[in-house]
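This is what each chain is made of:
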Amino acid sequence: MQNVYLAIPLACLAGALVSGLLGKVIGRAGAAAAAILGVAVACALSFVVFHDVMVAGHHFNGPVYTWGVSGGVPMEIGFLIDPLTAIMLVVVTFVSLMVHIYTIGYMHDDSGYQRFFSYIALFTFAMLILVMSNNFLQLFFGWEAVGLVSYLLIGFWYTRDSATFAQLKAFLVNRVGDLGFLLGIAAVFMYFNTLDYRAVFAIAPQFATATMQIVPGVDWQVMTVICLLLFVGAMGKSAQVPLHVWLPDSMEGPTPISALIHAATMVTAGVFMVARMSPLYELSETALSVVLVIGATTAITMALVGVVQNDIKRIVAYSTLSQLGYMMVALGVSAYSVGIFHLMTHAFFKALLFLAAGSVIIAMHHEQDIRKMGGLKKYMPVTFVTAWAGSLALAGIPPFAGFFSKDMIIEAVHYSQLPGSGFAYAAVLAGVFITAFYSFRMLFLVFHGKPRMDDHTKHHLRESPWVVTGPLVLLAIPSFLIGLLTIEPLLFGGYFADALKVLPAHDVVGRISRGYQGLGPFIAHGLQSPPFMLAAAGVLLAWLLYIRYPQLPDRIRARTQPLYDLLLNKYYADEFNDFVFARGARGLGRWFWRIGDVKLIDGMAVNGTARVVGWVAAAVRQVQSGYVYHYAFAMILGVFLLITFFLHR
Amino acid sequence: MNPILTELAPLFPEIFVLAMACAILLIDLSLSQERRHVSFGLALLTLAGAAALTLSDHSGAARSVFHGMFLDDLMSDVLKLGIYALTFTVFVYSRAYLAARGMYRGEYFVLGLFGVLGMMVMASAGHLLVLYLGLELLSLSLYAMVAFQRDSYPATEAAMKYFVLGALASGMLLYGMSMLYGVTGSLDIAAVRQAVTGVSAANNVVLIFGLVFVLVGLAFKLGAVPFHMWIPDVYHGAPTSVTLYIATAPKLAAFAMVLRLLVGGLQDLAVAWQDMLIIMAILSMAVGNVIAIAQTNLKRMLAYSAISHMGFFLLGILSAGANGYGSALFYILVYAVMSLGAFGMVLLLSRAGHEAEQLDDFRGLNQRSPWYAFLMLLLMFSMAGVPPTAGFYAKLAVIQSVVQVDLVWLAAVAVLFSVIGAFYYLRVVKLMYFDAPADTNAIQSGLDMRALLTVNALALVAVTPWLGAFLDLCSRAILTLA
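The structure presented is a predicted model; accordingly, all values stated were derived computationally and were not measured.

Q: What should I look at first to understand the overall build of chain B in this one?
A: The helix and strand tally for chain B stands at 21 helices and two strands. Buried positions account for 63% of the 482 residues belonging to chain B. Here the contacts in chain B between residues at least 6 apart in sequence split such that 80% fall between residues at least 24 apart. As displayed, chain B has an accessible area near 16,400 Å², and 69% of this comes from carbon and sulfur atoms.

Pasting the structure below:
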C-alpha cells in the first residue's frame, strides 16, 4: 500500500514535469494528456486508498525517507494516511481531475496551454503533499508550494496589469499569514522538540496548563499562543477576515483555477490544518473562541458583499469566502467532522458553480457582468441545470448536499457553550438567508428574464463543448447526492474515529447524534427549522426582486445608498490596507532605503570599503617600482624584520 | 635483476626523464623546423613514461636510496604525478602559442623537462644539498625559459630580475642551511630533525637565524610577501607559455620543499615558524588581493592572485598538524589546476600578433564563445572560492584547519580577504557576460588544446563527488612526514 501512497503525489508531479518541461516537444495535446493522465492515476489510486481506509480500516503513519538531519532533529518526508487524509485525497484528486478535463475546453485558444496544465498538475501534487503529510515541516512545504502555484496561476495572464497586481496582493497577504504559521511551527518545535504530528499530539496534553511570557509580566497559555499563531496561517490561506482581501482579486486568474484552487481545495487548506491540529485546539478554549468569532464574522460580512457584486466570478468568490467562514465556525465549536463534511460538499458544489460560471463566460465571450446577461437557459441547457443544482446546494435546500452540511453547522453552533457562540449562531442564521438571496439573484439574472446582451453576443450564444459540460454534470451529481449519502457514516458512524480529537465537554456532534433518528426525520426536521425557512425566504426575495419586480432593486439601492456603497467598496478594506499598510510600508521602506541603504550600507559600508581598498591598491601598487634593487631591498628588509621579530619576542 | 639496479629502482623516473631530456636535446639538433613536432611528441612521451614508471614501481611503502638522501614516499609520488600532468598540459597549451611566435624550438621542451627533473628531485629530497640541487636545476631552467624570447625587451628584463633576486634568495637559503649544519652537524634532514629535538629555539640564536634564512628561501620560491616582488614582473614579462609553466608545476615543488624542510626537518621549531608564517600569510593575502584589484593586465592580476593564494596555502602549513598539511597539499594541487586553466585561457584567446593578456580582451567573450566564457567563469568562481567548485573546498579545508588550532581570528581575516579577492575575479565574469566584445575575431586553436582546456576547467566542478577521496589521499600523503 505504501507504494500506492507514494504514487499518488508522484503521478501528479510526473504529469506536471512532463507537460511543463517537455511541453514544446509533445505539443498541446500531449501536455494535456500527460497532466490528465497523472491526475487520473492519482484520482483512481485515491479511491483505492479511501476504500482501503474506509472498509479495511488500514491506517498508515511513517516516514518515506529522511531528507536531512539538523542538530539531531530528523527532517522527514512522511505520510499519515487516516480517514481525514483519505477524504481529502478523494476530494482533491476528483475535483482536480474534473478541472483538468474542463481546462481542455476553457483554455482551448490560450497560448499558455502547456504551462497551464503543468501548473495545475503541480498544484495537485503540492496539495496532496500537504494533506498527506505526517509532520509540520512537510505541511509547511505543501503549504508554501500551493501558495506558489496559486501565485503563478493568479498571474497566469501576466501581461495584464490587474493580474500581476492581484498576484502580488495574494502573495503579500499570504506572507502575513505564513509568518504566523511559521512562528506557530517554531513554537511547536520549541516546546515539543519534534515536528512529528504523532509525537506532538502525544505530548501536547502535558502542556495544557503551561504558560509562557512573551511580554514580561503577562502569562499566556502555551497552547493558546501556538493555536492562535497556526490559525493566523489558516486565516491567510483560507482568506478569513481581515486577511481575506486577496481572494476576490484572485479571480483575475483563469476560471478553472478559481474553481480548483480558490474554491475547492487550496483555500480549504486552513480548514484542513485546523482539523488536523484538533488535539492542539481542543486544549485551548480561547483559540477555539477566536476561530469561531473570526469564522462567523467572515461568514456574514462576506455574504453581504456578495449581494451587491455584479461580476459573476466575484459573486461566487464572495460566496466562497462566506462558506469558508462557515467551515471555520464548525471548527470553532469543535465540530471538526462537520467542518470537513462541509469542506467536502462545498468543494463539489462550489467547483461546479465556478465551472458553470466559466461556461457562461466562454459563451458570453469573456463578458463577466451579470447585468449584461439574462435568459441564457434556452441557449445553455446543461450549464443552466447544473448551475441550478449548484445554487440549490449552496443555498442549503434539501436534499442537496449543502443542506446537510450547513444545517449540521448551525445545529452544532446552537449546541455550543463557547464564548461567542451566540453571536456566531445569529451570524450563520442570517448568512443562510443572504446566501440563498445572492446565489439566486445570480441565477435569475444570468439564466432567467430577458436577454440583455448585445445582438452580436446573442447571435453566438451556444452551449459549451462536452469537455466543459461533462465535468459540470460529473460535479452536479455529488453536489446533489454526496450529503445524502455520507452524512450518516461520516458524522454519526464514527468514520473519523481517532483522526479528529474532541474533548467530551466540547462534543456537540455527539450531542446531536444522540437525537439523530435517521435521514428521513433529519430532512423532515430540517424543513421545519429556521435555516430552511430563511433559505426559502432568500430564494423568494430574489425571485421577487429580479423576476417579478425587476425595477425594485434600483429603488432600494437609492434608499440605502450609504450601506450600498459600504458593501460595494467591501467595507473599504482595500483602501484601509492601501493607506495604512501599503503606504506605511512604502514610507518606512523609503526611509530605510534613503538612510540605511543608500547612506549607511551603500555609501559607507560597501562603496566606502571599495573606495578605501581602491586607494590602498593604487598606493601600494607604487611599491612595485620595477627596479630590481628596490625588490632586493624589500627582501633584505623582510629578513631584517623577521629576525628582529624573533629576537625580541 | 642486478642488485644495484634493484637498489636504484626508486630513481628510475628521474633517470628516465634525464636520459630522455638529453636524448631530445641531441635529436632536436638534427630536426628541421617542419619536423619539430617530433621533439614535442617525445617530450609528452617522456612525461607519460615517467608517470608510468612512478605508478608502476610504488609498492606502498616509503623507500630511500643513497643513505636517505633520496626518498620515495606517497607524498613524492603524488607530487610527481601532479608535476607530470601539469607539465604535459602546459606543453600542449603552449605549442600553438610558441609556433605563432617563432619559439617552437626543442629547447623549450628540453628546458621544461630539466625543470621537471629538478622538481622531482626536490619532491624526493631527504638531504639539504639534494634539495638545493633540485631547486637550482629548476631555477636555472626557469631563468632560461623566461628569457626564451631573446628579442623581447620585457622578457629579458623579467629574466634578469628573476635571476638576480633568485640568486639572492638561493644565497639566503644556502646560508640558512649552513647555519642549520653548524647547529646540528648534519645535512641529512632526518638527522637535523633528531638534533633539533630538545634544543630550545629561544636559546639558540644561530638556530633561529638559520630558520629565518631558510624560511626566506622558501617564501621566495612560493612568492609570499615580502619576498614576492619578482612574481608580477616575471609573470607579466615572460612569454605566456612560460608564465603558465612557472605558475603551475613549480608550486608543487615548492610545497615539497616546505614540507621536507619545515615539517620533515624543523617540526620541533613549529612554534617559532608558525608565527612567521602567520605574518607572511596575512601580508600575502592582503597585498595579493588588494593590489590585484588595481590591475588591468590579466597576467599581472593572476600574478597577484597567485600571491594571495600562497597566503591561503600558508594557512594550512602554519596550523602545523596533519590536517593542516593535508589541506595545504589539496590547496596547492587545486590552485595549480586553476592557474593552469586561467593562463590556458589567455593562450587560447591569443593568436599571432595578439597576446590577449589585457582584461579588456575578455570583454564580451560570452558573445564570441559562450562555452569558453563559461569555462572561464568556472575558473574564476573556483579561484574566488564559490561553491561547488574545488576552489571553495580547498579554501574551506585550509580555513577549517586554522580554526582547529584555535586561530579563529586568522580564519576571519582569511575570509575577509577572500571576499575582497572575489571582486576582481567576478570583474572578469562581468566583463565576459555584460560588456560588448572589443575583439570579434574567431577563436583559433587546435582541438587538442580545446579538449584539454575543457577537461581542465570542468575538473574543478567534476571533482566534487570524489572530494572525500582526494582529501583522504592528501592527508595520507603527508603522513610519513607529519
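Q: Where do I start with the interface of chain A and chain B in this structure?
A: You'll often see interface size given as the accessible area lost when the parts meet. With 23 residues of chain A in contact, the opposing surface of chain B contributes 35 residues. Of the roughly 2,500 Å² buried at the junction of chain A and chain B (both faces included), carbon and sulfur atoms supply 83%. Among the residues chain A hides against chain B, the three largest losses belong to A:Gln624, A:Met635 and A:Phe646. Together they make up 26% of the total. In this structure, the connection of chain A to chain B is made through zero salt bridges. Our count for the chain A to chain B interface comes out at one residue pair in polar contact (both at pLDDT 80 or more). Of all the secondary-structure elements, those providing two or more residues to the side of chain A that touches chain B are α26 (573-621) and α27 (628-647) of chain A. For the side of chain A that touches chain B, the element with the most residues is α27(A), which contributes 13 residues.

Q: Would you mind showing me how to read the pattern of salt bridges here?
A: Where charged atoms from two side chains of opposite charge come close, those side chains can pair. A full pass over the atoms with the stated rule returns 23 salt bridges over all chains. A salt bridge links A:Asp574 to A:Lys570; its shortest N-O distance comes to 3.6 Å. Judged by its relative accessible area of 22%, A:Lys570 falls in the partly exposed class. Between B:Arg63 and B:Asp72 there is a salt bridge, with its nearest N and O atoms 3.1 Å apart.

Q: Explain the packing of aromatic side chains here, please?
A: Both the distance between ring centres and the angle between the ring planes are used here to describe each pair of aromatic rings. All names here are of chain B. Using the criterion set out here, one finds 47 aromatic pairs over all chains in the structure. An angle of 35 degrees between the planes, with centres 5.3 Å apart, marks the rings of Phe220 and Trp230 as tilted. Taken together, the positions of Phe220 in helix α9 (residues 205-222) and Trp230 in helix α10 (residues 230-237) put the pair 10 residues apart, joining distant regions of the chain. On the basis of relative accessible area, Phe220 is assigned to the buried category, the value being 4%. In this structure Trp230 comes out as buried when scored by relative accessible area, which is 2%.

Q: Help me out: how do you make sense of the state of the cysteines in this one?
A: Note on terminology: a disulfide is the covalent bond linking the sulfur atoms of two cysteines. Within the structure shown, the criterion is met by zero disulfides over all chains. Cysteine A:Cys43 remains unbridged, with the sulfur of A:Cys12 as its closest cysteine sulfur at 9.4 Å.

Criteria and thresholds
- Residues numbered from 1 in each chain as written.
- Chains lettered and ligands numbered in written order.
- Predicted model: local features only at pLDDT ≥ 70, side-chain atom pairs only at ≥ 80, totals over all residues.
- Heavy atoms only, no water.
- Helix = DSSP H or I, 4+ residues; strand = E, 2+ residues; numbered from the N terminus.
- Buried < 20%, exposed > 50% of the residue type's maximum accessible area, 1.4 Å probe, protein only.
- Contact = heavy atoms within 4.5 Å.
- Areas by Shrake-Rupley, 256 points an atom, 1.4 Å probe, with all protein chains shown as cover.
- Buried area = accessible area lost by both parts, 1.4 Å probe.
- Salt bridge = Lys/Arg side-chain N within 4 Å of Asp/Glu carboxyl O.
- Polar contact = N/O pair within 3.5 Å; in protein donor to acceptor, adjacent residues only side chain to side chain.
- Phe/Tyr/Trp six-rings, centres within 6.5 Å; stacked < 30°, edge-to-face > 60°.
- Disulfide = S-S within 2.5 Å.

That is the geometry; function is a separate question.
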